[in-house]
Amino acid sequence: MNVAVIGAGYVGLVQAAGLTHLGHTVRLGESSRERVDELNARKIPIYEPGLVELIERAFDNNLLTIHESNVDAVTGAEVVFLTLPTPPGADGYADLRIVESVVDELAVNLDDDQIIVTKSTVPVGTALSIRERLRAGGCRAGVVSNPEFLAEGSAVEDFMRADRIVIGAFEPEHADVVASLYGGLDGTIVKTDPASAELVKYAANAYLATRLTFANAISNISEEVGADALQVLEAVGLDRRIGGRFLRPGPGYGGSCFPKDTSALLGITRNVGYDFPLLEAVIRTDALQRERIVARAIGLLGDPTGRRVAVWGIAFKAHTDDVRESPAVRIAEGLEAAGAEVVMTDPEASTSEFKCFDDPVLASEGADMVLVATEWPEFIHVDMTRVAEVMRGRVVYDVRNVLDADMVRGAGLDYVALGRPTF
Ligand code: UGA
């Protein structure tokens, strides 16, 4: 099929690349001239495993073209995906101005048999308001909600092996057209109404955020009572009703989705007058997790003034270079505010806020503490004997439980791991 994808951001690039892999022809609309040029030169502006290969193949097979004009991009497309930014507005509610201006632009250019599909996370009711906007502009194109469930770092894999494909349509035949696009995938197709599809996305992210915040609370309690949170949570997860995923304790959630979507869902519930103290508590508890980690790091350092901390990890999680709302950066900021001197290291990410190193050993030179804040598998293979040689202090505080305790201790260092007893 001929498809347009409007917005060559993270979701748009993966959606466009994934659809070409399924054999569709994609016209990608992107308003930034610089990004259009970059893409045409086959430079992919984000780090996402497998994406470059898919996009190169799409170009080679003439299945992908990039257009600076949205009107050009939608020409001849049966389905038009909107993958546009929806940043948090002042009240926590998603800011839809970019989506609305593109819809207004397209209203005068779309034919009645074309279908607009919202892909980015948008407030419940957005599909309806887009439909009203189109109708006000005299356009009778279809409107469908088809939320994305891609996690950064595994987005291509998540596209190919989707658990479910949720399609919320006003007209059943529009749902059928959108479903047919995903014909080559195994995921369960859930056809529903637009409001339900929109709510699925918020409910899923808020549930996952709640679940891992709960795991962090159990991890903190484990520290207080001398239990081992990893074993506790593993045993809890073995209950088939619960399952083991998303129970890994850590510094709390970051990235562009959970922080934004939890507060957006609160905004939605406030708007309809529903009190949701559970979600409020999740957001508050999550913020406290970083404070607790900073406080413990300071406790381990003694007086933090002038002490040097090497934070391993800058990205909000492994396998991405995304530093938005990164717990690693928040922790680094907390330590700096307490008077410590902070440097950071990451295999992919960087930040202008702190001095960054590519090599964890170099980053650890003269450090009084190494604090592991992102679960990069690369960190497991760092030679801890060399780290011990170059450090000034002895403490390694691992808030992701990623290092091998025996290896760290074998190098003569003190290993302190989140949620686990210290020996
Ligand atoms: C999340 C969802 O997982 C995707 O399904 C969704 O499509 C996406 O948001 C979105 O709304 O676009 P993402 O933000 O990329 O994806 O990252 P996750 O892998 O879900 O991790 C979110 C945060 O939870 C990270 O900070 C991660 O370190 C943390 N986490 C995750 C834990 O602390 N413990 C866990 O057990 C799992």
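Cut-off values and rules
- Residues numbered from 1 in each chain as written.
- Predicted model: local features only at pLDDT ≥ 70, side-chain atom pairs only at ≥ 80, totals over all residues.
- Heavy atoms only, no water.
- Pairing = 2+ DSSP bridges.
- Helix = DSSP H or I, 4+ residues; strand = E, 2+ residues; numbered from the N terminus.
- Axes fitted to C-alpha atoms, helices over the stretch in contact; angles between N-to-C directions.
- Contact = heavy atoms within 4.5 Å.
- 1 Å grid on protein atoms, 1.4 Å probe; cavity = no way out; pocket = protein on both sides within 12 Å on 5 of 7 lines; lining within 4 Å.
- Points joined across faces, edges and corners; volume = space filled by probe spheres on them.
- Near = heavy atom within 4 Å.
- Polar contact = N/O pair within 3.5 Å; in protein donor to acceptor, adjacent residues only side chain to side chain.
- Areas by Shrake-Rupley, 256 points an atom, 1.4 Å probe, with all protein chains shown as cover.
- Nonpolar A, V, L, I, M, F, W, Y, C, P; charged D, E, K, R; others polar.

> Explain the sheet that holds strand S13 (residues 395-398) here, please?
Two pairing modes exist for strands in a sheet, parallel and antiparallel, and in both the strands are linked by backbone hydrogen bonds. Across the sheet, six strands lie side by side as S11-S10-S9-S12-S13-S14; this open sheet has parallel pairing. Whereas interior strands pair on both sides, the edge strands pair on one side only; in this sheet they are strand S11 (355-357) and strand S14 (414-417). Between one strand axis and the next, the sheet turns through 25 degrees on average, direction left out of account. Where strand S9 (residues 308-312) and strand S12 (residues 369-372) come together, four bridges link them in parallel fashion. Pairing of Ala310 across the sheet is with Val370, part of S12. Lying on the sheet, helix H12 (residues 277-301) is in contact with S9, S12, S13 and S14; it crosses S13 at an angle near 170 degrees. The sheet contacts of helix H13 (residues 327-337) involve S9, strand S10 (341-345) and S12, and relative to S10 the element is tilted by about 160 degrees.

> How should I be thinking about empty space enclosed by the protein in this particular structure?
To find leftover empty space, a probe the size of one water molecule is rolled over the atoms. Enumeration over the complete set of coordinates arrives at three cavities of 30 Å³ or more. By volume, the largest cavity amounts to about 40 Å³. Considering the residues around the largest cavity, the lining is formed by Thr118, Ser120, Thr121, Val122, Ser145, Asn146, Pro147, Glu198 and Lys201.

> Is there a simple way to think about the site of the ligand in this case?
Around the ligand, the structure places 20 residues, and the nearest of them are Glu148, Glu152, Lys201, Asn205 and Cys257. The contact in question runs from an oxygen atom of the ligand to an N or O atom on the backbone of Arg248, over 2.9 Å. At 2.8 Å, a side-chain N or O of Lys317 approaches an oxygen atom of the ligand. Considering the ligand on its own, with 720 Å² of exposed area, one finds that the protein chains cover 93% of that surface. Elements that contribute at least two residues to the shell around the ligand include exactly helix H9 (194-225) and helix H11 (258-271). For the shell around the ligand, the element with the highest residue contribution is H9, accounting for three residues. Of the residues in the shell around the ligand, the class split is ten nonpolar, three polar and seven charged.

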